[in-house]
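# Architecture and fold: a report
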Amino acid sequence: MATKTTIDQLEKQVGDTVTLQGWVYNSRASGKIIFIILRDGTGRCQCVIEKDENTESFFADVKKLAQESALALTGVVSKEERATGGFELKVTDATIVHAAGDYPITPKPHGIEFLMKHRHLWFRSQRQWHILRVRATVIDQIRRFFNDNGFLLMDTPLFAPAAGEGAQTLFQVDYFGDPVFLAQTGQLYLEAACMAHRKVYCFGPTFRAEKSKTRRHLTEFWMVEPEIAFASLSDVIDLSEDLLCSIVDRVLRDHLDDLEALDRNIDELHAIKKPFHRITYTEAADLLRGSKAKALLERDLVEKNARVEELNALIEELDATTKAQGVKQWKKDKAIAEVIDRREERSELEEQIRNIPHHMELAANFEWGSDLGGSDETIISRLHDRPVAVTHYPKRVKAFYMREDRTNDDVVECVDVLAPQGFGEIIGGSAREEDYDRLLRRIGEEKLDRNDYEWYLDLRRFGSVPHGGFGLGVERTVAWICNLKHIRETIPYPRMMGKFYP
Ligand code: 4AD
Ligand code: MG
């Protein structure tokens, strides 16, 4: 009897006869031999079926199987450097579990709209498989980090009676006739909990009715939020450094293969070490208006234009191949697939090139007092090789609960941690206003209803102490670690404006 196994275990089973259960990722046949790339959820393995007296009973049926058909294959494991995954199964027996119909996602490129509609199938694809593995580890490491460092898990409600962040991004729900909102943050509840348990964290889904379709925004995303009593802003930044370093170290330890498959520059991740850069908002504003930012974008223009020229030539060449006479069909197919990819790359570049002058203008004319926009964050983060903690933003662009700087009350004691390589904000946090009168004034200034926050004001009536914390967005962190252009691939079922299927 062959033992049932999985592809991730094959290195211990060279020479053994085993059974793999999985799906046809790819298959090609020539006469008396079939090559199947089988995927079984743990990896991919090349399986070879030669037509002989052992295999003739199933050979013809297996040969006909379409992509994503399910089957069990039994055979002898050998090491095969050249094969996907490094092992090969020489098949002696096969059982078809399910013969699939025409699978909609083929190896040729598909548009993003199509893939998003087929998300339930799309995440069987190789790239998605790597990304979601990294996501699971990022989440596991976050929990370990806090559990190992004396933080108590505090679950906070998802139905919230009032805004925790900006009122413009609230999702309203009918709660037995009363309006309530889906939680934008657990923070306010966590502040109460840290007065009972000192170091606490919450970790769950959060909701923002973001009316912008950007590569950084989801309407439903996962956020971990620590909160500490007797903490200053600098304690909060220290904690964010330790957390991010521990996540990156863990992913580098356990997921080098995945990162390499995703084409992630590993050296850039190895460079993520304490201390991060710390600059104030005012310094960030100077940086945006300065010569380094200008030079960076000017260089972008030159480089991107050069690449477009290159692509123009390449596309022309490929087009010629697809139309040429006497060229083998497989070569034409390859050229057709390649041309789709290159056209996509070119149209992305052209869009970026169109945007650069606007981004230059925004940066050069950045005015103290306005919030950093997406392109501004990108510039600042690209000018640094490690994460940058940007502190002390103007009060009027930040939330009501942030502590006013006692030396300059135009600014608050807050921090946004920007990931390098242009990824922008992945952490937002602050010291919290612990003074009753100042907090009450801020609630008024932000035109919030004081009645909604009476319980929160109690925290400033009974043993109020300096405290602070931050929120880290899981999806933005995964996008950065995996080097993904768009956040939609970092979560199994992305929710964005206009998108909630499947
Ligand atoms: O900066 P934010 O809004 O901060 C808070 O919610 C605080 N209450 C956290 C705290 O101090 N306890 O959000 C924190 C992080 C951002 O840095 C970002 O990583 C992520 O949450 N985030 C989003 N991720 C995806 N889509 C969105 N629409 C996001 N909005 C915020
Ligand atoms: Mg923020």
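Read on for an overview of the structure. Keep in mind that what you see is a predicted model, and the values were worked out from it rather than measured.

### Quick notes on the packing of aromatic side chains
- Applying the stated criterion across every chain, the model contains 15 aromatic pairs.
- Here Phe-400 and Tyr-456 contribute two aromatic rings whose centre-to-centre distance is 6.1 Å and whose plane-to-plane angle is 70°, an arrangement assigned as edge-to-face. Of this pair, Phe-400 sits in the loop between strand E14 (388–391) and strand E15 (414–419) while Tyr-456 sits in helix H14 (residues 454–458); the two residues are 56 residues apart in sequence, bridging distant segments of the chain. The same class applies to Phe-400 as to Tyr-456, namely buried.
- Aromatic ring contacts, followed pair by pair, group Tyr-189, Phe-400, Tyr-401, Tyr-453, Trp-455 and Tyr-456 into a single cluster.
- Looking at Arg-133, its charged tip hangs above the ring of Trp-129, at a distance of 4.5 Å from the centre.
- Here Lys-398 stacks its cationic end above the ring of Tyr-393, 4.3 Å away from the centre of that ring.

### A closer look at unusual backbone geometry
- At the junction of Lys-274 and Pro-275, the peptide bond is cis and its omega measures out at -10° in the coordinates.
- Looking at the secondary structure, you find Pro-275 in the loop between helix H8 (266–270) and strand E13 (277–280).
- With omega at -5°, the peptide bond leading from Tyr-501 into Pro-502 counts as cis.
- Tracing the chain through its elements places Pro-502 in the segment after helix H15 (474–482).
- Positive phi outside glycine occurs at Gln-421, with the angle close to 60°.
- In this structure, Gln-421 sits in the loop between E15 and strand E16 (424–431).
- When its relative accessible area of 24% is taken as the criterion, Gln-421 is described as partly exposed.
- Located in the positive-phi region is Lys-447, a residue other than glycine, with phi close to 55°.
- By the element assignment, Lys-447 lies in the loop between helix H13 (436–445) and H14.
- Looking at Lys-447, the relative accessible area reads 74%, which means it is exposed.

### So, the site of ligand 1
- In the vicinity of ligand 1 lie 24 residues, with Glu-165, Gln-187, Glu-225, Glu-425 and Ile-426 positioned nearest.
- At a separation of 3.3 Å, a nitrogen atom of ligand 1 approaches a polar side-chain atom of Glu-210.
- Contact between ligand 1 and Gly-428: an oxygen atom at 3.4 Å from a main-chain N or O atom of the residue.
- Here ligand 1 has 620 Å² of accessible area as a free molecule, and 94% of this is covered by the chains.

### Considerations on helix H10 (residues 291–323)
- The first and last C-alpha atoms of H10 sit 48 Å apart over 33 residues, in line with the 48 Å expected at 1.5 Å per residue.
- Listing the buried residues of H10 in full gives Ala-293, Leu-296, Leu-297, Asp-300, Val-308, Leu-311, Ile-315, Leu-318, Asp-319 and Thr-322.
- For H10, the elements touching its buried residues are helix H9 (281–289), helix H11 (329–364) and helix H12 (374–382).

### Focus: the nonpolar core
- One finds Ile-142, Phe-146, Leu-472, Trp-480 and Ile-481 to be the most contacted residues of the largest nonpolar core, which totals 46 residues.
- The element that contributes the greatest number of residues to this core is helix H6 (residues 233–254), accounting for 11 residues.
- Once residues lying within four places of it in the same chain are set aside, the contact partners of Trp-480 are Leu-244, Val-248, Arg-264, Leu-269, Ile-272, Ala-419, Pro-420, Gln-421, Phe-423 and Ile-426.
- Core analysis: the next-biggest nonpolar cluster, separate from the first, contains 36 residues, Ala-163, Ile-379, Val-388 and Ile-443 among them.

### So, the environment of Ala-70
- For Ala-70, the location among the structural elements is in strand E5 (residues 70–79).
- For the pair Ala-70 and His-486, spaced 416 residues apart in sequence, the C-alpha separation works out to 31 Å.
- When residues no more than four places from it in sequence are discounted, the contact partners of Ala-70 are Gly-22, Trp-23, Ile-96, Val-97 and His-98.

### Focus: the side chain of Arg-39
- Note that Arg-39 resides in strand E3 (residues 33–39).
- A distance of 2.8 Å separates the side chain of Arg-39 from the side chain of Glu-68, its partner in a polar contact.
- Not counting residues up to four positions away in its chain, the partners in contact with Arg-39 are Ile-7, Gly-22, Trp-23, Tyr-25, Arg-44, Glu-68 and Arg-124.

### A closer look at the pattern of salt bridges
- In this structure the tally under the stated criterion is 45 salt bridges.
- Between Arg-403 and Glu-413 there is a salt bridge whose closest N-O contact spans 2.8 Å. Of this pair, Arg-403 sits in the loop between E14 and E15 while Glu-413 sits in the loop between E14 and E15, and the two are 10 residues apart along the sequence.
- Look at Arg-403 and you get buried, because its relative accessible area is 16%.
- The class of Glu-413 is buried, set by a relative accessible area of 14%.
- We note a salt bridge from Glu-433 to Arg-406, for which the minimum N-O separation is 2.8 Å. Of this pair, Glu-433 sits in the loop between E16 and H13 while Arg-406 is found in the loop between E14 and E15, placing the two residues 27 residues apart along the sequence.

### Overview of the pairing of strand E2 (residues 17–30)
- In the sheet, strand E1 (residues 3–5) pairs with E2 via 3 bridges, with the strands oriented parallel. The partner of Lys-4 across the bridge, within E2, is Thr-19.
- When E2 meets E5, the two strands line up antiparallel, connected through 7 bridges. For Thr-19, the partnering residue across the bridge sits in E5 and is Thr-74.
- Pairing analysis gives 7 bridges linking E2 to E3, with the strands arranged antiparallel. Residue pairing in the sheet places Trp-23 in a bridge with Arg-39 of E3.
- Hairpin connection of E2 to E3: 2 residues between the antiparallel strands, including Gly-31 at a positive phi of 60°.

The rules behind the values
- Residues numbered from 1 in each chain as written.
- Chains lettered and ligands numbered in written order.
- Predicted model: local features only at pLDDT ≥ 70, side-chain atom pairs only at ≥ 80, totals over all residues.
- Heavy atoms only, no water.
- Phe/Tyr/Trp six-rings, centres within 6.5 Å; stacked < 30°, edge-to-face > 60°.
- Helix = DSSP H or I, 4+ residues; strand = E, 2+ residues; numbered from the N terminus.
- Buried < 20%, exposed > 50% of the residue type's maximum accessible area, 1.4 Å probe, protein only.
- Lys NZ or Arg CZ within 6 Å of the ring centre and 35° of its normal.
- Near = heavy atom within 4 Å.
- Polar contact = N/O pair within 3.5 Å; in protein donor to acceptor, adjacent residues only side chain to side chain.
- Areas by Shrake-Rupley, 256 points an atom, 1.4 Å probe, with all protein chains shown as cover.
- Expected span 1.5 Å × (residues − 1).
- Contact = heavy atoms within 4.5 Å.
- Core = buried A, V, L, I, M, F, W, Y, C linked by side-chain atoms within 4.5 Å.
- Salt bridge = Lys/Arg side-chain N within 4 Å of Asp/Glu carboxyl O.
- Pairing = 2+ DSSP bridges.

The values reported here are purely geometric and, on their own, carry no functional implication.
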